[in-house]
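Architecture and fold: a report
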Amino acid sequence: MQYFDVYIDGMKDLYTYSDKNDEFLLGESVIVPFRNIKKTAIIIKKNESEKYDFKILNVDSKIKDSIRLSSKQLDLIEWLKNYYLLSYDNVIKAMLPKNIKIKSKQNYYVNLEKLNDINSIENEIVEYLLSLTEISYSTAKAKFKKKVVDSLVKEQYLDLAENTIRININKFSLLKEKNIDIYLYFYDKLKIRKENLEKNFSKEKIKNFKDLGILILEVELDEKKEFFQENLKEVYKKESILTEEQLTVKDEIENSKDKYFLLKGVTGSGKTEIYIELIKGAFFRGEGSIFLVPEISLTPQMINKFKNEFKNNIAILHSRLTDNERAKEWESLYKGEKKIVLGVRSAIFSPVQNLKYIILDEEHETTYKQDNNPRYHAKYVAIKRCLLEDAKLILGSATPSIESYYYAKKGIYKLLNLDKRYGIAKIPDVEIVDMKKEEDLFFSKKLLQEIKDTLIKGEQVILLLNRKGYSTYIQCKDCGHVEECEHCSIKMSYFSGSKKLKCNYCGKTKKYTGKCSNCGSENLIHSGKGIERVEEELKKYFDVPIIKADADYSKDRDFFSKLYEDFLNKKYSILIGTQIIAKGLHFPNVTLVGVINSDIILNFPDFRAGEKTYQLLTQVSGRAGRAEKIGKVIIQTYQKENYVIENSKEEYYEEFYEKEIKLRKMFLYPPFSKLINIGLSSENEKELLEEAAEVFQKLKSDLVEMYGPMPSMVYKVKNRYRMNIFIKGNKNNIDRFKKILNKKIKEYKNKNIRIIVDIDPINLI
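Our subject in this report is the structure included herewith. Counting starts from 1 at the beginning of each chain's written sequence and moves along it residue by residue. It should be noted that, the model being predicted, local features are given only for residues of pLDDT at least 70 and side-chain atom pairs only at 80 or more, the latter also being counted only at that level, while totals for whole chains, interfaces and linings use all residues. Excluding hydrogens and water, the side-chain values take into account all heavy atoms of the structure.

**Brief notes about a nonpolar patch on the surface**
Patch membership requires more than 30% relative accessible area and the absence of a salt bridge. Residues of like charge join within 9 Å; the nonpolar side chains Val, Leu, Ile, Met, Phe, Trp and Tyr join within 5 Å. Computed with a 1.4 Å probe, the accessible areas rest on the Shrake-Rupley method; for each residue, only the protein chains presented here act as cover. A carboxyl oxygen of Asp or Glu within 4 Å of a side-chain nitrogen of Lys or Arg is what we treat as a salt bridge. Side chains of Leu663, Met666 and Phe667 sit close together on the surface and give an oily, nonpolar patch of about 310 Å² of accessible area. Each helix is a run of H or I in the DSSP string that is no shorter than four residues. Each strand is a run of E no shorter than two, and both are numbered from the N terminus. One can find Phe667 in helix H22 (residues 653-667).

Right, here's the structure in full:
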């Protein structure tokens, strides 16, 4: 007898069940009785308690042909739950794709050993079961040949009546020796879904048959998938085309005893080529790899590059897949049919067998941190997986996060460098323009001249402005009214293409009438420029084809593919976009990049604002001059003297880092501390303010520094008012405080207040 704690689908906590016959294993999918119904469950861990003060039920049965979580996956589940203060439900739903989850079906089978007893029992169920095996004589002949069917009828293995074939119960078990294919065909027909049998007969009659051992209830995985089996194509070994600098890095990763690496390589230095060679080497040794990229970097270009190398031996996981597509890829990895994953944040949970490498490209990207439940960071999950599975982690970036570079300098990560662009490409020239001296609010004279010169040469331009829409808000000049979202404390942006006002937080839209909604005046001011306004202004100077891109456009599954192909084929001369165009794109004909306003992120009240600005400017600069043509970058700013702007060239990363790390140390921000953000929200503002103050007092501790409660930067979203409690401390104290916090949150009972705990927060808005 042993006891298990099991996860029941949809439940936050685990429940204890017994295993009387010691027949179940950790990680298996099973059926358990739960509140008078049968539920699917996963065995998570053993329960070693010696006494129980509650009644313990027994696990019913194993789910046939179901998935089984490995011991390493179970360890990862426990770590995620404890580190991020999550429920089991949050964690397991993140790890398993929707259509792979343990949904089961229950079927009744006929017990072959009791078949002879069936004939002696006068029961309508008998006739029903026999009717399940009926097929027409013509169907039987078509399936099994007339000669074979006639012989089996003659020898009374099958009955023929009124042109219908059915089994002969008395001799059915002997049919197995006579013709196994026909036996299995008819035996499968003696299976019936539990709910179908219960529709036709009373539970009492069915129970009698079960008690006699004639009917057996079995549980199987319910596969509502229409997966096709791929014929995997052969991958051929090719001669490496790496440079000497790249080969040095690759050899160091392969041969070093170190487990964690930070590859700092300038944009266009060929980091991806190194990743591919590492993955390829592992593939030919029968080892698996996970290659993660930010969503906006998973371009058609990146996908095609990997497909060219690995054919269809690679699983590609991103947010635009349907549930069935994602489950299909997950299953191919679970079965070991595919060994390579190219994907975004959630692909870190892929069940890759014999894992050798996890690679995070653009490791500094904030999108590796999920901003809704479960709020995990893919980088930290990757570190834990490598520890559990004895794999190697490669973090790659031209502009590493301050934390990662600090750990590399301390020797926690092995630091590797690529200082040259791949091939003949050169790092572009960067020029910073002070907009305080310019007349045009959109374009400096220098930028306009460079655009003109670039277009004359038949080359292309990328312009970055990290704001969607036409204008960030509209104000009436007569009454001063500003159009705000009625559900959020935020101004509505104007989108000229759709003639709509939109809230970028809750998504609420309303038609733009051209009149003030307060006084009816048409005397309106459009303030704050978005990419639509930039396009309009640009057309006053240049009569060339222009295309726009932001996160809203990219929601269309095919938009990015079409944009990439069209711009690559020079259908458009200028690409205007938000940060979605700043990375992952390779256009050989782009020789000019212009940053319209580099100060947008810099002015955010966030200790990472400087870091994010530097990274964005450096990454978008890297889109220029990626082939044999020389690139040029124009950065427009109103804060030319700011050290972030001054150092926004790749070769100045070290100087930027040194200034930034001094500020972090002075104010004890990461990597010199760990952070927690507790968010409280409610539709009742008065109750929220009272409860937030009370929660703050209950959580007060000498272990950590606590700030708040304070209103969120956007105080109201989707009709909910929001307050924050900000916590800072060293790692040991934060770990101790999390135990207190977890206990207090579980004890909190006010259902009008929603509490969110964000460990290692990235977004503090």
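**Section: the pairing of strand S2 (residues 14-19)**
Counting buried residues along S2, five of its six residues qualify, which places the element largely inside the surrounding structure. Strands qualify as paired when DSSP identifies two bridges or more between them. As judged from the six bridges shared by strand S1 (residues 2-8) and S2, these two strands associate in the antiparallel manner. When the sheet's bridge partners are listed, Asp5 is paired in S2 with Thr16. Two successive antiparallel strands, S1 and S2, enclose a turn made up of five residues, where Gly10 displays a positive phi of approximately 95°. Partly exposed residues are those whose accessible area sits between 20% and 50% of the maximum for their type, while under 20% is buried and over 50% is exposed, using a 1.4 Å probe and protein chains only.

**Thoughts on the sheet that holds strand S31 (residues 705-717)**
One key point about sheets: their strands pair by backbone hydrogen bonds, in either a parallel or an antiparallel sense. The four strands lie next to each other as S31-S32-S30-S33, forming an open sheet whose pairing is antiparallel. Because the sheet does not close on itself, it has two edges, and the strands there are S31 and strand S33 (754-759). Geometrically, the sheet is characterised by an average inter-axis angle of 20° between neighbouring strands, direction not taken into account. In this description, a line fitted to the C-alpha atoms serves as the axis of each element, helices being fitted only across the stretch in contact, and the angle between N-to-C directions of two axes falls anywhere from 0 to 180 degrees.

**Points about the sheet that holds strand S16 (residues 355-361)**
Taken together, seven strands build an open sheet; the order of strands is S14-S15-S13-S16-S17-S12-S18 and the sheet is parallel. On the outer flanks of this sheet lie strand S14 (314-317) and strand S18 (414-418), each paired with one strand and no other. In this sheet, adjacent strand axes meet at a mean angle of 15° when their direction is disregarded. Pairing between strand S13 (residues 288-292) and S16: five bridges, direction parallel. Its bridge partner being in S16, Leu292 is matched across the sheet by Leu360. Contacts are assigned to residue pairs with any non-hydrogen atoms lying within 4.5 Å of each other. This element, helix H12 (residues 271-284), spans strand S12 (260-265), S13, strand S15 (340-343), S16, strand S17 (392-397) and S18 of the sheet and lies at about 165° to S16.

**Digging into helix H14 (residues 323-334)**
For H14, which comprises 12 residues, the first-to-last C-alpha distance of 16 Å matches the rise-based estimate of 16 Å (1.5 Å per residue) to within 8%. Here H14 has its buried residues at Ala327, Lys328, Glu329, Trp330, Glu331, Ser332 and Leu333. Backbone geometry just downstream of H14 places Gly336 in the positive-phi region, at approximately 80°. Expected span, for any helix, means 1.5 Å times one less than how many residues it has.

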